[in-house]
Amino acid sequence: MPPIFFSALATEAFSTEQIGEIAPKAIANAQESIGALPDTVYDVAHDPFWARALMYCLLIDSDNKSVEKEQIDLLNTWAHPVTYRAFVQLLRTVKTLPQHQNLVILEMAMPALKMQSKPQYQLFKQNLSKLFNADNRVNLFEWCLYRSITYCYEERTLPSNRRLSELRDEVAQVIAAVCYAGEVEDVELVYKAASEALPDLKLTCRKGIDITFNELNTALNQLSRLKPLDKPKFLKAVAASIHADQKVTVREAELLRAISDTLNCPAPMLSPISTE
């Protein structure tokens, strides 16, 4: 399968004027992506039971049959019976969709996921963790999905009083995650783009791009407390660093979504093209 990039369309989608707000072009792109979903997915994404089932489908590792069986067995044991039946009905359809549609499904399902009661949400959250850990590792998409869902559902009470100037190291860690997500060869180019977006921060290029999810969680937890006017500035710098090589991978788009959800700062949904 050819890689999916967000190249020509990404130039407009990543216009800095669209960070922190939803522009008409971004809405049109989102509508186009949603319209490409099968009716069997689109029609059920607004129901909490089916929305949970869709998230479970996204996490099934169909490339590893032993892990897939363990994950399905886990859901059969722990998921609500109605959700499990919905999961069984949806699994084959969801797993045949291209990878870039994962974000579209998450976007569609998020309002319904927010409608869950606290007991429903706690069970759902536990089941997500069980699915992640079935293969004893967490990949970037799993981390992004979990981060987006938990930050959209759970209330945060810490004050938004941090300045970007106080969080230079945390910003650098996020840019390192961008390099990792995009498998970037020219790391200096990515840091240069971020530095130009945040000239007062005087970012320095990290020697390596390795970063653990614990480090990324810690960095984003601090950045989520940025002052309101600093959040779009930071997100614009992330967007600039992602687009520094003139293409955006699916993993980079997933990372941007998780970061924007953490900040509660809107970012446009990207429209993908496939390149050989």
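Further up the page is the structure itself.
All values reported here derive from a predicted model rather than from experimental measurement. (Residues numbered from 1 in each chain as written. Predicted model: local features only at pLDDT ≥ 70, side-chain atom pairs only at ≥ 80, totals over all residues. Heavy atoms only, no water.)

Re the nonpolar core
Membership of the largest hydrophobic core comes to 41 residues, with the highest contact counts inside it found for L54, M55, F87, I105 and I149. The set of elements that each furnish at least two residues to this core consists of α4 (48-59), α6 (81-95), α7 (101-114), α8 (118-132) and α9 (140-153). When residues in this core are grouped by element, the largest group, nine residues, is from α7. Apart from the residues lying within four places of it in its own chain, the contact partners of L54 are V41, V44, A45, L90, V94 and I105. (Core = buried A, V, L, I, M, F, W, Y, C linked by side-chain atoms within 4.5 Å. Buried < 20%, exposed > 50% of the residue type's maximum accessible area, 1.4 Å probe, protein only. Helix = DSSP H or I, 4+ residues; strand = E, 2+ residues; numbered from the N terminus. Contact = heavy atoms within 4.5 Å.)

Focus on the layout of surface pockets
Its volume calculated, the second largest pocket comes out at about 660 Å³. Residue assignment for the lining of the second largest pocket shows that the elements contributing at least two residues are α4, α6, α8, α9 and α14 (250-263). In terms of residue count, α9 provides more of the lining of the second largest pocket than any other element does, three residues in total. Here the lining of the second largest pocket is built from residues that sort into 11 nonpolar, five polar and eight charged. (1 Å grid on protein atoms, 1.4 Å probe; cavity = no way out; pocket = protein on both sides within 12 Å on 5 of 7 lines; lining within 4 Å. Points joined across faces, edges and corners; volume = space filled by probe spheres on them. Nonpolar A, V, L, I, M, F, W, Y, C, P; charged D, E, K, R; others polar.)

Quick word on the packing of α4 against α9
Any two packed helices are characterised by how steeply their axes cross, that is the angle between the axes, and by the distance between the axes. Running from amino to carboxyl end, α4 crosses α9 at an angle of 160°, the nearest separation of the two axes being 10 Å. Judged by the angle between their axes, α4 and α9 are roughly antiparallel. Pair α4 / α9 crosses with left-handed handedness. Between α4, through M55, L58 and L59, and α9, the contact on the second element is made entirely by F141, E142, L145 and I149. Of the residues contributing to the contact of α4 with α9, the split by class is six nonpolar, no polar and one charged. (Axes fitted to C-alpha atoms, helices over the stretch in contact; angles between N-to-C directions. Parallel < 35°, antiparallel > 145°, perpendicular 65-115°, else oblique. Left-handed = near helix turned anticlockwise from the far one by under 90°.)

Thoughts on the packing of aromatic side chains
Counted under the stated rule, the structure contains five aromatic pairs. Measuring from centroid to centroid gives 5.9 Å for Y84 and F87, while their planes differ by 35°, and the two rings are tilted. Of the two residues, Y84 and F87 are both situated in helix α6; the distance of three residues between them amounts to about one turn of the helix. By relative accessible area, F87 is classed as buried at 1%. Their ring planes at 15° and their centres at 3.9 Å tell us that Y121 and Y153 sit as a pair that is stacked. Of this pair, Y121 sits in helix α8 while Y153 sits in helix α9; the two residues are 32 residues apart in sequence, bridging distant segments of the chain. Its guanidinium or amino end placed over the ring of F49, R52 lies 4.7 Å from that ring's centre, counting from NZ or CZ. Its guanidinium or amino end placed over the ring of W78, K130 lies 4.6 Å from that ring's centre, counting from NZ or CZ. (Phe/Tyr/Trp six-rings, centres within 6.5 Å; stacked < 30°, edge-to-face > 60°. Lys NZ or Arg CZ within 6 Å of the ring centre and 35° of its normal.)

Thoughts on unusual backbone geometry
Excluding glycine, a negative phi dihedral is what most residues carry, and trans is how most peptide bonds are arranged. Of note, K202 is a non-glycine position whose phi angle comes to about 55°, a positive value. Of note, K202 is situated in the loop between α11 (187-197) and α12 (213-223). A relative accessible area of 59% places K202 in the exposed class. You will see that N264, though not glycine, has its phi angle at about 55°, which is positive. In this structure N264 comes out as exposed when scored by relative accessible area, which is 70%.

Side note on the pattern of salt bridges
Inspection of every chain in the model, using the stated rule, returns 11 salt bridges. A salt bridge links R251 to E183, with the nearest nitrogen and oxygen atoms 3.9 Å apart. Of this pair, R251 sits in helix α14 while E183 sits in the loop between α10 (168-182) and α11, placing them 68 residues apart in sequence. According to the relative accessible area criterion, R251 is partly exposed, its value standing at 23%. Salt-bridge contacts for K247 lead to D245; the nearest nitrogen and oxygen are separated by 3.5 Å. On the basis of relative accessible area, D245 is assigned to the partly exposed category, the value being 27%. Via salt bridges that share partners, E107, R257 and D261 belong to a single interconnected network. (Salt bridge = Lys/Arg side-chain N within 4 Å of Asp/Glu carboxyl O.)

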